[in-house]
Amino acid sequence: MKKCIHELLKGPASIDQLKNSSEPQIMHRYQLDSLGYVWAALLPFVRKYNEPMLAAYLRSSPDATGQRPTTSYSDSSFSSAGWQENIEMPLLEDATIRLASCFVRCVLNYGQPVKFDHGVFLEFRDERFTYSCDLGGSRAVHAVDDGGIQVFDKEKGVFRQVTLLEGKRTFQKIVSGEALITDRLLAQMVGEVLALAMQDESDARKVGVSRTEFFALHATAHYLKFFHFHVSSAYKGSYGGIDENDPSDTLLKDVLAVKSTHWLDIKQSGHRKIIADHLLALISWTRQKLAE
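Attention in this report is confined to the structure presented alongside it. These figures come from a predicted structure and were not determined experimentally.

The rules behind each value
The written sequence of each chain sets the order in which its residues are numbered from 1. Local features in a predicted model are, by the rule used here, given only for residues with pLDDT of at least 70; side-chain atom pairs are given and counted only at 80 or more, and totals for whole chains, interfaces and linings are based on all residues. To get the side-chain values, all heavy atoms of the structure are used, and hydrogens and water are removed first. Put simply, DSSP H or I for four residues or longer makes a helix, DSSP E for two residues or longer makes a strand, and each gets a number counted from the N terminus. Relative accessibility under 20% of the residue-type maximum defines a buried residue, over 50% an exposed one, and the middle range a partly exposed one, all with a 1.4 Å probe and only protein chains included. We call two residues in contact whenever any of their non-hydrogen atoms come within 4.5 Å of each other. The method behind every accessible area is Shrake-Rupley, applied with a 1.4 Å probe, and residues are considered shielded solely by the protein chains displayed. Here, nonpolar core means buried Ala, Val, Leu, Ile, Met, Phe, Trp, Tyr and Cys residues that are tied together by side-chain atoms lying within 4.5 Å of each other. Only the contacting stretch of a helix is used when fitting its axis, a line to C-alpha atoms as for every element, and angles between N-to-C directions run 0 to 180 degrees. Should an angle lie under 35 degrees it is considered roughly parallel, over 145 roughly antiparallel, and from 65 to 115 roughly perpendicular; all remaining angles are considered oblique. In this scheme, a crossing is called left-handed if the near helix is turned counterclockwise away from the far one by less than a right angle; it is called right-handed if the turn is clockwise. As a working rule, the residues Ala, Val, Leu, Ile, Met, Phe, Trp, Tyr, Cys and Pro are called nonpolar, Asp, Glu, Lys and Arg charged, and the rest polar, with Gly in that last group. Classification of ring pairs rests on two measures: the distance between centres of Phe, Tyr or Trp rings, Trp counted by its six-membered ring, which must be within 6.5 Å, and the angle between planes, read as stacked under 30 degrees, edge-to-face over 60 and tilted in between. For a lysine, the NZ atom is tested; for an arginine, the CZ atom; a charge sits over a ring if that atom is within 6 Å of the ring centre and within 35 degrees of the ring normal.

### A closer look at the overall build of the protein chain
In step 1: If you tally the helices and strands in the protein chain, you get eight helices and 11 strands.
In step 2: Scored against the burial criterion, the 292 residues of the protein chain give a buried share of 44%.
In step 3: For the protein chain, the proportion of contacts with a sequence separation of at least 24, taken over those separated by at least 6, is 68%.
In step 4: Here the protein chain displays about 15600 Å² of accessible surface, and carbon together with sulfur accounts for 54% of that area.

Right, dumping it as structure tokens:
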């Protein structure tokens, strides 16, 4: 512990080296990180509070039986059977974002092979981005995310956005014990994706890895859900070309396709593995896209 404080006060070996490094490279170079940061971020969702209970019930799949697992501790095994989880704490959006960022960071920082001189590295982005796209006339798309995953494209000298993060303090809609994504929340994420898809490439930090494939990670309390959006060129072109002065011009070409995982619980060992697998798959997908 004293060594960690000593090294913190000592500072980085070289500012020039620091500014030319990615977060995974920095983490491997100094190696004073701890999983304690991840589990500390989980603390608000497992600690007992002397306040009125705030309950949210969730099932892991649509065909769930509603049976609770034998344990919800970190070593509990994953089952495809459904279950309901009772959360006994105030659900805070900042705590949700912190937990998601700590978990994602750990996978990104230690799940990528590090070469200190070169390589493509995905990093977690704390900064919230505002996306704006002028559609002509008085129409525009505006959206704000809660952070995300990005990669630096060294060939073009720009950042590429891999995944957008959207966090909520509690579930917006629960039906028969199952947490659902509301139309409003889905519309919010679609707006963020469309704004990113139609973003002017002159803004070097707000460009996607692909022009048609986009990903979002939704976090609520200690649950995560991955979304994959396919925005075809035909859909994007017709969306931006709708004539606001022509009431009959409301048809869009093609469709915007959306797929998602079930809710994944960071408190469950099996779910943590699934989350990590999805993040590792995003790393492979991003590297493949940048190599094309």
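Past the structure itself, the notes keep going.
### Thoughts on the nonpolar core
In step 1: Ranked by size, the top nonpolar core spans 38 residues in total, and within it Ile 275 and Leu 279 carry the most contacts.
In step 2: Contributions of two or more residues to this core are made by helix H4 (36-42), helix H5 (93-110), strand E1 (122-125), strand E4 (148-153), strand E5 (158-168), strand E8 (213-220), strand E9 (223-230) and helix H8 (269-291).
In step 3: The element contributing the most residues to this core is H5, with nine residues.
In step 4: Discounting residues that sit within four places of it in the chain, Ile 275 has contacts with Phe 103, Leu 224, Phe 226, Leu 264 and Ile 266.

### Side note on the environment of Ser 260
In step 1: As for its placement among the helices and strands, Ser 260 is situated in strand E10 (residues 257-260).
In step 2: For Ser 260, a relative accessible area of 43% corresponds to the partly exposed category.
In step 3: In the structure, Ser 260 is positioned 42 residues away from His 218 in sequence and 10.0 Å away in space, judged by C-alpha atoms.
In step 4: Filtering out sequence-adjacent residues up to four positions away, Ser 260 remains in contact with Lys 225, Phe 226 and Phe 227.

### Digging into the packing of H5 against H8
In step 1: Their axes nearest at 10 Å, the elements H5 and H8 cross at an angle of 55 degrees. One finds that H5 runs oblique with respect to H8. Crossing of H5 against H8: the hand is right-handed. Facing H5, whose interface residues are Phe 103, Val 104, Val 107 and Leu 108, H8 presents Arg 272, Ile 275, Ala 276, Leu 279, Leu 280 and Ile 283.
In step 2: Residues that form the contact of H5 with H8 fall into these classes: nine nonpolar, no polar and one charged.

### Focus on the packing of helix H3 (residues 23-30) against H5
In step 1: Following both chains from N to C, one finds H3 and H5 inclined at 75 degrees, their axes separated by 8 Å at the closest point. Relative to H5, the element H3 is oriented roughly perpendicular. Judged by residue contacts, Glu 23, Pro 24, Met 27 and His 28 of H3 engage Arg 105, Leu 108, Asn 109 and Tyr 110 from H5.
In step 2: Here the contact of H3 with H5 is composed, by residue class, of four nonpolar, two polar and two charged.

### Points about the packing of aromatic side chains
In step 1: Enumeration over the complete set of coordinates arrives at six aromatic pairs.
In step 2: Their ring planes at 55 degrees and their centres at 5.5 Å tell us that Phe 171 and Tyr 223 sit as a pair that is tilted. Linking Phe 171 in the loop between E5 and strand E6 (173-175) with Tyr 223 in strand E9, this pair joins segments that are 52 residues apart in sequence. Tyr 223 matches Phe 171 in its accessibility class, with the two residues each being buried.
In step 3: Taken together, a centroid distance of 5.2 Å and an interplanar angle of 80 degrees make the contact between Phe 171 and Trp 263 edge-to-face. Of the two residues, Phe 171 is situated in the loop between E5 and E6 and Trp 263 in the loop between E10 and strand E11 (264-265); the sequence distance between them amounts to 92 residues. Comparing Phe 171 with Trp 263, the two get one shared label, buried.
In step 4: Put simply, the rings of Phe 171, Tyr 223 and Trp 263 touch in pairs and so form one group of aromatic residues.
In step 5: The ring centre of Phe 129 lies 4.0 Å from the NZ or CZ of Arg 125, which sits over that ring.
In step 6: Here the guanidinium or amino end of Lys 206 rests over the ring plane of Phe 129, the centre of that ring lying 5.5 Å away.

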